[in-house]
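# Remarks on the overall topology
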Amino acid sequence: MASTTPFPKTEWDTLHNNGPFPLKLLYVTELEGEANIPSKVDRYNDAAQEIQKLLQETLDNNEGFRAYGSRWSMSNIAHHAERMHYNGFMNIHLPIAEENLHENASYNSSNLFLFQCGNTIKRISEVLGAHGKSLKASGASNGQTIAGCVSTGVHGSALDVGAVQDYVVGINLITGPEINDIVYLERHTKPALSNTFIAQINARVIRNDKLFNAALVSLGSFGFVHGVVIEAEDRFLLKRYVRKIKKELALELAQTMDFKNSSFKIDEEFDENGKPKRPYHYKVFMNPYNNENQYVVELMYKHPYAVPYPDPFPIINKSVYRDLIHLFIKISEKFPDSIPWFIKRLKKVILPEVNEQTTGTLAEIFWDAPYQGPAFACSVGVDYKDSPKALDLLAKLAENEGPIPGIFAMRFVKKSEAILAFSKFPITCMIEIDGVLWKKSKKLMSLKQFTRRMIEVLKQNDVPFTIHWGKNSDWGFSGLVEHMYGENAQTWKNIRSAFLTEKMAKLFSNDFLDATGLSQLQQNVDEDLIASLT
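Residues numbered from 1 in each chain as written. Predicted model: local features only at pLDDT ≥ 70, side-chain atom pairs only at ≥ 80, totals over all residues. Heavy atoms only, no water.

### Some details on the sheet that holds strand β8 (residues 112-116)
The strand order across the open sheet built from 6 strands is β7-β8-β13-β10-β11-β12, with neighbouring strands paired in mixed fashion. Each edge of the sheet is formed by a strand with only one pairing partner; in this case those strands are β7 (93-95) and β12 (204-207). Neighbour to neighbour, the strand axes of the sheet diverge by 20 degrees on average, direction disregarded. One ladder, built from 4 bridges, connects strand β11 (residues 182-186) with β12; its direction is parallel. (Pairing = 2+ DSSP bridges. Helix = DSSP H or I, 4+ residues; strand = E, 2+ residues; numbered from the N terminus. Axes fitted to C-alpha atoms, helices over the stretch in contact; angles between N-to-C directions.)

This is the structure we're talking about:
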């Protein structure tokens, strides 16, 4: 049997020290060994029973429950003051056999895998690689667990792929301690698994597009995400280039996404007509305190997998442009350990010259995070056509009302079908500000004040926006979620209220859900919202 150790605690913190937050009890569940339960399906089901036992304990004590993985989120989205559960040891993975496909499935069974909630992106990439497969996209690094990635909408900068949740085809939720509280969700318009296989994991199936799209980016509040079925693809290579180009050109590409007709080109990346190819990935780095006339851009182009290729790690490991916080930390190493002094020096900092080129798989390019210390990260999503305007507004805010100890980047993500995905625009530009944590002083506004001003400035200038659920923000800003998502916010709350019982909805809520208003139970909702449509 799976076993859980309860640890009395007083506090809990995120990986990047955005707390600490109060905590009474931490659960850590370990799976039964393969020698005792050889079948992966049986071990998976055994773990589900253990989670249901913990949910019953939590109900009996009239307390709340929150699951977490790698503590990667910088908001308090993963926190609960009463009971929390560490998922990291729940790492079963299972390829989906042809006979386990739904009769109307349009998927290739060799691309489908069931991953338990605690599998990290790194581990998933290793498993897929052994099958000659790859994730379609990932975040900037690989330490997050799959359940956390999906629930908060973790993204990269893949222009035509989307965020992590966008290649999930099935979700296994545990919504309570009762026998019918193990549920498997998938789209009714695109079924994946057979009823026979779903019965093997002791779940009842609901095929319903709207319910599925609500539960995709669930913010941890639709139940315990026990596992997800993802669609992978054949392993591929990414050719990564990092260049410094004129600021105007970098912003023109951000605003138009028209690489084919741009004056910017990479000599090796042309189509059959001699036109520049559209990259798989496009990212822009900039220092808001220096009016440099060049920005650094990172582009990646997708190529068929073929060996041999040069070892990517000598370049990847040394690159200061691996991710935004790593770049900031490398710059800060040159200056004294004083944030006001450092910010003053940022006005004279020119981003390092670069002319990098390397080739690797998705898992190799987006490798281990080089920095895991105290940090903040703010990230707003805007329509790519609004990206130069929004960037200018936020950069001026940082310079004129700050300063703050951070620098900027832009990444770009294809629209998601998830109801509360922050990647809601046709192509969403995620404008990111990352840096080191600081304390409010006479010369420095607080992080919460800065994030509040970000919201106010975008609203005042009529720039539609979203905010990354796992990043720092003033999440209690009045009417924020309704402003960002309109009717979709109400739709999401209606579906959640229909899907969970009142007591379980309360159990799976937390301070983050309360602050955003998303924990509010809706009365007399239509039960057809959660009906299976096949």
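### Here's the deal with unusual backbone geometry
Most peptide bonds are trans, and most residues other than glycine sit at a negative phi. Between G19 and P20 the backbone carries a cis peptide bond, its omega angle lying at 0 degrees. Its place among the elements puts P20 in the loop between β2 (11-12) and β3 (21-22). The residue after G402, namely P403, is reached through a cis peptide bond having omega 0 degrees. Take P403: it is sitting in the loop between α11 (387-400) and β20 (406-414). In this structure, M257 is a non-glycine residue whose phi angle is positive, near 55 degrees. Within the fold, M257 resides in the loop between α6 (247-256) and β16 (281-286). The class for M257 is buried, based on a relative accessible area of 6%. (Buried < 20%, exposed > 50% of the residue type's maximum accessible area, 1.4 Å probe, protein only.)

### Structural notes on the packing of α6 against α11
Where α6 meets α11, the closest approach of the two axes is 8 Å, and the angle between their N-to-C directions is 125 degrees. It follows from the interaxial angle that α6 and α11 lie oblique. From α6, L251, A254 and Q255 reach across to α11, where they touch S387, P388 and L391. For the contact of α6 with α11, the residue count by class is 4 nonpolar, 2 polar and no charged. (Parallel < 35°, antiparallel > 145°, perpendicular 65-115°, else oblique. Contact = heavy atoms within 4.5 Å. Nonpolar A, V, L, I, M, F, W, Y, C, P; charged D, E, K, R; others polar.)

Read these as geometric descriptors, not functional statements.
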